[in-house]
Amino acid sequence: MAHAEDDAPSPNEDRSDDLSKGNETTDRSEAIERTQTVRDSHRLKGWDTKGLAWGSNPNIYHWKPLTVQWFGSIGDHAHEGPVERSVSRRGEPLVPRRLVSGPPSGSPSARMSSRASSHPFHGEASARRVVPSTCNHRPVRKSVLDALKHAGACAGIPTEAFAPHSSGADPRRRPGRRTIYRPCVTEEGIRLTSWLTSRVAGSPLREGGAPSHPPMQMHPSPPAGSSPVEAGVCLQMGATVPRGDGGRSRRHGMISARSSSCSRVSRMAMAEEVEDLSRGMERMDTKEGETDVGGTGEGGAVGTEVAAPADDEEKEKKKMMKKAAKEAKKLAAIAKKKAKEEEMKANAGKDNAKKQAAKEAAERKKAEREAEAKEIQRLIEIAMSTPKGEKKSMSEAMEKGYHPQLVEAAWYDWWEACGYFQAQPESNKPKFVMVIPPPNVTGTLHLGHALTDSIQDALARWKRMSGYEVLWLPGTDHAGIATQTVVEKKLAREQQISRHDIGRDNFLKEVYKYVDDYGGRICRQMRRLGCSLDWSRERFTMDDQLSTAVGEAFVRLHSEGLIYRENRLVNWDCTLKTAISDIEVDYVDVPGRTLLKVPGYAEPVEFGCLTSFAYQIEDGSGEIVVATTRIETMLGDTAVAVHPDDERYEHLHGKYVIHPFSGRRLPIITDAILVDMSFGTGAVKITPAHDPNDFATGKRHHLEFINVFTDDGVINEHGGMFEGQKRFETRVAVVDALKEKGLYRGTQDNPMRLGLCSRSKDVIEPMLKPQWWVNCTEMAAEACKAVRDGELKIIPREFEATWFRWLENIRDWCISRQLWWGHRIPAYYVILEGEESKTGKPGTTAELVDHWVSGRTRDEAEAKARELFPGIAFRLEQDEDVLDTWFSSGLFPFSTLGWPNATKDMDAFYPNSLLETGHDILFFWVARMVMMGMKLTGKIPFNTVYLHSMVRDAHGRKMSKSLGNVIDPVQVIEGITLDELHATLHTGNLDPKEIARATEGQKADFPNGIPECGTDALRMTLLAYTSQARDVNLDINRVVAYRHWCNKLWNAIRFAMINLGEKFTPPVDLNFSKAPMECRWILSRLNAAAIQVNTALSDYAFSDATTALYNFWQYELCDVFIELMKPTLALEDSEENNARKQLTRESLWCCLESGLRLLHPFMPYVTEELWQRLPKSEAMLSLESLAMAPYPQENSSREDRVAEEEMRILDAVVRAARSIRSNYGLTKQRPSLYLLTRAEGVGKVVSRNATVVTTLSSSSEVVVVDDASKIPPGCAVEIVNESSSVYLLLTGVINPAEECTKMEKKITFIQEQVYALQARMAAPGYEAKVPDWLQKENREKLQRLTGEQESATNALAEIQKLV
């Protein structure tokens, strides 16, 4: 079969010295014939061992050096020995000229045989004969083979051993003679072979009987270490060929045939396998003997020469090759099969047992998990089936672990149905009142809401349990722009209509329908968070009561002149077609020329460039160059301003320039306020209708105000030739027109801040519009005074500076919005009969601002109009605009209580106690509530403002949908997969690029999705983060950690239920004066925790409160007291022990019951569930819910400073012992502990409480000594303080050498991490390219690794002392 690779040059082929041996040239035809013969032999199937593959692949010609002894005879010619050569794949054999002995030049053995070898009998490199010319080698060979077979050192003969020479390979060959090659023993059997050969053949002789070399060393017995050979390794008689030696052997060639991949077989099995092959060799030897002449003459060759006719030789050759291939294949298959069977038999029992055991264990675990899951699901279904408003049954036994869904089911409905959250205005209790910052009615909760709700609910529950009448009032905001935008998009998507197609009334019906469908969603989410709101007082800003309050506020302020109508610049959104407030404008920094995508434009728009152009002087005396970043607004220019002191333009004062497109005359004015002589050309174009600074200049100089844009951002009739073009398309067109007129003077980069609408992302356009404005100057002054006088407290106090800065520089507030959804402004435009054309259309710059009247009703407005225009006929037209949402929200603290009417709620709950919100709306909402509350009610609406932190992701980044880090609290509570997280990205308005970016962000932050954490864990995490800082970098992994902590609480209660027993009854009078030290200590720590939590909540230090709670439950109750209980409860029954046990149980119950009450405001669900399962004292039997239980307060009777001091001493000893255990990696070992102390009091305390130390330090005993000589050798030491040290006896506990090795590996591993991290941080461009949050993480990681390395190094030094 032909192979495509045959002609490819061998990768190891070396042609450098193909003809370096001999003087004769090989005929090409003979060479090709020889090559073909070698290839045929290669194609025979046989062994495949490491480095030597006798197989069917004809392209495998290069072999690693192996060791095989070849016997051959080629007549009477001496030879120089074979030279290692390969066969060319182009068909040209690389044969030395004088290759007269050895295997075929193309065979693997020929290529390997050039290595110098050690003589098999003398152990030295030589070319000695193996058998003398007078000795017949056949009996020797047979005897050796039989002996090797019996010894198990024979493993078979490879097929290649019978590859013959081509008859024309060498011209010196005698006709009719052939060479037979025989391998003998493997490498491992060399010494055994040498010993057997010496016994059978004796010392080799020269012809004539004279010894040809010194006598062969005789071995009295087989060499030590002789062993069976590997299967697949051919028989060898000779020594290992050194690789790369380059030496040669005379009269014989060698090739090694070892393979580490072959399997071991038994000696008897291999002997049986070689039996048939041995008989075949004997038959062949017999045929050879019939023609053998017994000698070779002078210089006879080693080998057997057989005379035969050419045709017989060919037949014999084919027969022998076929038989050899068949035998080799058979042997290989048998060896492989037997090796595999033996290996399988050896390992089958062990492996099968392990596999079966592992399989059974896995199946058991799977079955247990499935059974547990089914049981949990059954319990959840039972809990969820609780009728709404009824109490959940506690009859089921406690589960082994905490499951949020099971725990949280049914409790909130029961709380709400019982009316626990409803406030009673008639109550004599002190009042605590908050209003919730009203979220958008159609919105959904985000983590910012969750933080607000968690803080406020913790405060509400704490105050309620502390004896206050609490009103936490819920409500939602109508969110004018957001809601209208959503509904308009919905109409366009579903019905392909706009609000103008259906009219105002029908559109409002669609909005209310949408609110009814989706408005309750966010309230349901607040219930899910456990918010103890008084839902009986829920308010919506569009309710009739609140709408009445809004109308009253507007009319009052308008009547006093604080609300007025005026044409002024507003933030105009051309997409939404409305004015927006400053809070709805996001500013981005543009460093220079930048292309940005703008809604409504197919191509990006260029920003950040300053365009210069010239105005021609009217009298032709020259030009004046001005510059602008908004070249399209030059269509509305009405003047050019210069500084009055600028000498360059003194000659132009009072002159005019001509507008290049409209031909208007523009005066050149002087203005020292606006113009900076050093900036640009010192001349400024004035566009009063489209720039805030120009607007003020226009007012000062009584300039004309020309608006060149329509409401949707298109050039209007004042734009002349550019009318009908979009504003940013006009930007390019104006530049082109200026170039045509020769007035263009260039463009340069100009850094700027660009205002974008936070909702539509459209570029804000300053637009001149007649709007309603609120004069805030006097009200802001009163708000500042309230803070300075201490009547209003702002926490943190750092925000007082912000408060003063904003209010002292306040500008009038635009309260008009060009929307339909919202509170329609109760103002009416008076159109006098016969003067319709003079009065102008309301809402345009042509309107007469003094023709507006306001009224709570239309009748009231008409009465005011008649007073304003007596005796003149008129008609009224109500303003189409609605009020800013912040206007109605500013009334929320009192409008929700019934204002302007006198109500019980208004009398009982106003002013509020606290306003809690985020610091980002301090001015936009809080300040306006204070100003309007003080103005309309005469009272500050609340006495304290607490501003919480902003929630960011774990990397400190702002929550953004495009980053994929916006998390719905319900996703954390219930859990969500990564794929489901990805799906949420497609529900918004993100473009494909933003979705791709957000997807990658989610993969990085939540690679496994978000596990189910539950409400309690989320609340506790958010409160733990709140430390009056500006930002909360929320890491979901911390929420998961608190979910595990809930399981800790659960197990503590389970432990109590088991150890308290069913008959346990809490004592009426809790007297622990005679209780064990650990009981008195834990009760004292309980009292300290109560003091810390109450103080922290009073100071709004929520992080301190959660830390105190966590420390008590985790480190003091669970880690210490419960562990110390176990040996106490295990004591044998006796009167003294039973009393000790009872006091210990009572202490445990007291800590658990009070601890749950302490924790309830933070984690309401799990604490209610666990509290319901605890036995109740008589004082608590009347209380159905933990939500109404009294909050723990300071109890001086439980304070025990003696017990706390003793535990402090014991804790120091335990910490030292644990440090030693950690350094030496001790886990289950319990060594003896020795305390060396010079302080007598310390020794007594430790001796008296030895059980405490042994239990907490996992020691077998505690021995207190005052002299170091009393401490046995082999101890590790840790210093406690200046007078005490702890020793742990480690002799026989650890193996120091092994521990040293482990610690050294650990140090090396840490060092590699340190080096890798340092290399990354030292890379060029690291600080510029790597985000700040990642740099911070890397610094923290490096610090942590360095600390670990130092600790490990110290531990290693300690362990080495014991070696």
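These figures come from a predicted structure and were not determined experimentally.

Engineer: Before we go on, may I ask you to explain the overall build of the protein in this structure?
Structural biologist: Broken down by element type, the protein carries 38 helices and 39 strands. Taking all 1363 residues of the protein together, 53% fall into the buried category. Considering only contacts within the protein whose residues lie at least 6 apart along the sequence, 78% involve residues at least 24 apart. Total accessible area computed for the protein in this model is approximately 62,200 Å², and 50% of it derives from carbon and sulfur atoms.

Engineer: Got a minute to help me understand the sheet that holds strand 38 (residues 1275–1279) in this structure?
Structural biologist: Within a sheet, each strand pairs with its neighbour through backbone hydrogen bonds, oriented either parallel or antiparallel. Strands sit in the order 37-36-39-38 across an open sheet of 4 strands; the sheet is mixed. Each edge of the open sheet is held by one strand with a lone partner, namely strand 37 (1261–1265) and strand 38. Neighbouring strand axes in the sheet, compared pairwise and without regard to direction, differ in orientation by 25° on average. Pairing between strand 36 (residues 1232–1237) and strand 39 (residues 1284–1289): 5 bridges, direction antiparallel. Along strand 39, the bridge assignment pairs Thr1237 with Ser1284.

Engineer: What's the story with the packing of helix 27 (residues 1015–1025) against helix 32 (residues 1164–1173) in this structure? I'm lost.
Structural biologist: Any two packed helices are characterised by the angle at which their axes cross and by the distance between the axes. Direction vectors running N to C along helix 27 and helix 32 enclose 125°, while the axes themselves pass 7 Å from each other. By the angle between their axes, helix 27 is oblique relative to helix 32. Counting all contacts with helix 27, which are made through Thr1015, Asp1016 and Arg1019, the residues of helix 32 involved are Pro1164, Tyr1165 and Val1166. Its residues assigned to classes, the contact of helix 27 with helix 32 comprises 3 nonpolar, 1 polar and 2 charged.

Engineer: When you look at helix 26 (residues 992–1005) in this model, what are you seeing that I'm missing?
Structural biologist: Count 3.6 residues to each turn of an α-helix, and residues three or four apart come out pointing the same way. In this model helix 26 runs 20 Å from its N-terminal to its C-terminal C-alpha over 14 residues, within 8% of the 20 Å that 1.5 Å per residue would give. Three or more residues of helix 26 are buried, namely Ile995, Ala998, Thr999, Gly1001 and Gln1002. For helix 26, the buried positions fall inside an angular range of 165° around the axis, keeping them on one side. The exposed residues of helix 26 that point more than 90 degrees off its buried face are Lys993, Arg997 and Ala1004. In this structure, the buried residues of helix 26 make contact with helix 25 (978–984).

Engineer: I keep staring at the environment of Trp1045 and nothing clicks. Help me out?
Structural biologist: Secondary-structure assignment places Trp1045 in helix 28 (residues 1036–1060). Distance in space between the C-alpha atoms of Trp1045 and Gln1114 is 8.4 Å, their sequence separation being 69 residues. Dropping the residues within four chain positions of it, Trp1045 is found in contact with Met1020, Leu1109, Tyr1110, Trp1113, Gln1114, Leu1159 and Met1163. Reaching out from Trp1045, the side chain makes a polar contact with the side chain of Gln1114 at a distance of 2.9 Å.

Engineer: Looking at this structure, how should I read the confidence of the model for the protein?
Structural biologist: Detailed conclusions should not be drawn from predicted coordinates in areas where pLDDT is low. Averaged over every residue, the pLDDT of the protein is 79; the share at 70 or more is 76%. Predicted confidence for residues 1–29 stays below pLDDT 50, and this span has 56 contacts to residues more than four positions away or in other chains. Every residue in residues 148–271 scores below 50 in pLDDT, and together they form 375 contacts with partners more than four places removed in sequence or on other chains.

Engineer: Can you walk me through the sheet that holds strand 29 (residues 852–854) in this structure?
Structural biologist: With antiparallel pairing, the 3 strands of this open sheet are ordered in space as 29-28-30. The sheet is open, and its two borders are formed by strand 29 and strand 30 (874–878), each paired with just one other strand. The sheet shows a mean angle of 35° between the axes of neighbouring strands, direction not considered. By the bridge criterion, 5 bridges tie strand 28 (residues 827–832) to strand 30 in an arrangement that is antiparallel. Among the inter-strand pairings, Ile831 is bridged to a residue of strand 30, identified as Arg875. Where helix 13 (residues 544–559) meets the sheet, its contacts fall on strand 28 and strand 29, and the angle it forms with strand 29 comes to roughly 130°. Relative to the sheet, helix 19 (residues 858–868) contacts strand 28, strand 29 and strand 30, its axis offset from that of strand 30 by approximately 135°.

Engineer: I tried to follow unusual backbone geometry on my own but got confused; where do I start?
Structural biologist: Leaving glycine aside, a negative phi is the common case for residues, and trans is the common case for peptide bonds. Cis peptide bonds are those with omega within 30 degrees of zero, and the linkage from Ile795 to Pro796 qualifies with -5°. By the element assignment, Pro796 lies in the loop between strand 25 (793–795) and helix 17 (799–808). With omega at 10°, the peptide bond leading from Trp899 into Pro900 counts as cis. Note that Pro900 resides in the loop between helix 21 (892–895) and helix 22 (904–909). Phi is positive for Ala479, close to 50°, though the residue is something other than glycine. The residue Ala479 is located in the loop between strand 9 (475–476) and helix 10 (480–494) in this model.

Engineer: Looking at this structure, how should I read the packing of helix 16 (residues 777–788) against helix 17?
Structural biologist: Close contact between helix 16 and helix 17 brings their axes to 9 Å; oriented N to C, the two are set at 160°. Between helix 16 and helix 17, the interaxial angle falls into the category roughly antiparallel. Like other packed secondary-structure pairs, helix 16 and helix 17 cross with a definite hand, here left-handed. Counted together, Ala780, Ala783, Cys784, Val787 and Arg788 of helix 16 and Glu800, Trp803, Phe804, Leu807 and Glu808 of helix 17 form the full contact between these two elements. Residues of the contact of helix 16 with helix 17, tallied by class, amount to 7 nonpolar, no polar and 3 charged.

Engineer: Help me understand the pattern of salt bridges in this model?
Structural biologist: In a structure, side chains of opposite charge can pair up when their charged atoms sit close to one another. All told, the structure shown has 59 salt bridges when counted by the stated rule. The partner of Arg461 in a salt bridge is Asp457, and the shortest N-O contact between them spans 2.8 Å. Separated by 4 residues within a single helix, Arg461 and Asp457 lie in helix 9 (residues 447–465), roughly one turn from each other. Given a relative accessible area of 1%, Arg461 falls into the buried group. The class for Asp457 is buried, based on a relative accessible area of 0%.

Engineer: Help me understand the environment of Arg1238 in this model?
Structural biologist: Checked against the element boundaries, Arg1238 lands in the loop between strand 36 and helix 34 (1240–1248). The exposure class of Arg1238 is exposed, given its relative accessible area of 67%. For the pair formed by Arg1238 and Ser1284, sequence separation is 46 residues and the distance between their alpha carbons is 6.6 Å. If near-sequence neighbours (up to four positions away) are discounted, Arg1238 is found in contact with Glu1282 and Ser1283. Within polar-contact distance, the side chain of Arg1238 engages the backbone oxygen of Glu1282 at 2.6 Å.

Calculation rules
- Residues numbered from 1 in each chain as written.
- Predicted model: local features only at pLDDT ≥ 70, side-chain atom pairs only at ≥ 80, totals over all residues.
- Heavy atoms only, no water.
- Helix = DSSP H or I, 4+ residues; strand = E, 2+ residues; numbered from the N terminus.
- Buried < 20%, exposed > 50% of the residue type's maximum accessible area, 1.4 Å probe, protein only.
- Contact = heavy atoms within 4.5 Å.
- Areas by Shrake-Rupley, 256 points an atom, 1.4 Å probe, with all protein chains shown as cover.
- Pairing = 2+ DSSP bridges.
- Axes fitted to C-alpha atoms, helices over the stretch in contact; angles between N-to-C directions.
- Parallel < 35°, antiparallel > 145°, perpendicular 65-115°, else oblique.
- Nonpolar A, V, L, I, M, F, W, Y, C, P; charged D, E, K, R; others polar.
- Expected span 1.5 Å × (residues − 1).
- Arc of directions from axis to C-beta.
- Polar contact = N/O pair within 3.5 Å; in protein donor to acceptor, adjacent residues only side chain to side chain.
- pLDDT = per-residue confidence, 0-100.
- Left-handed = near helix turned anticlockwise from the far one by under 90°.
- Salt bridge = Lys/Arg side-chain N within 4 Å of Asp/Glu carboxyl O.

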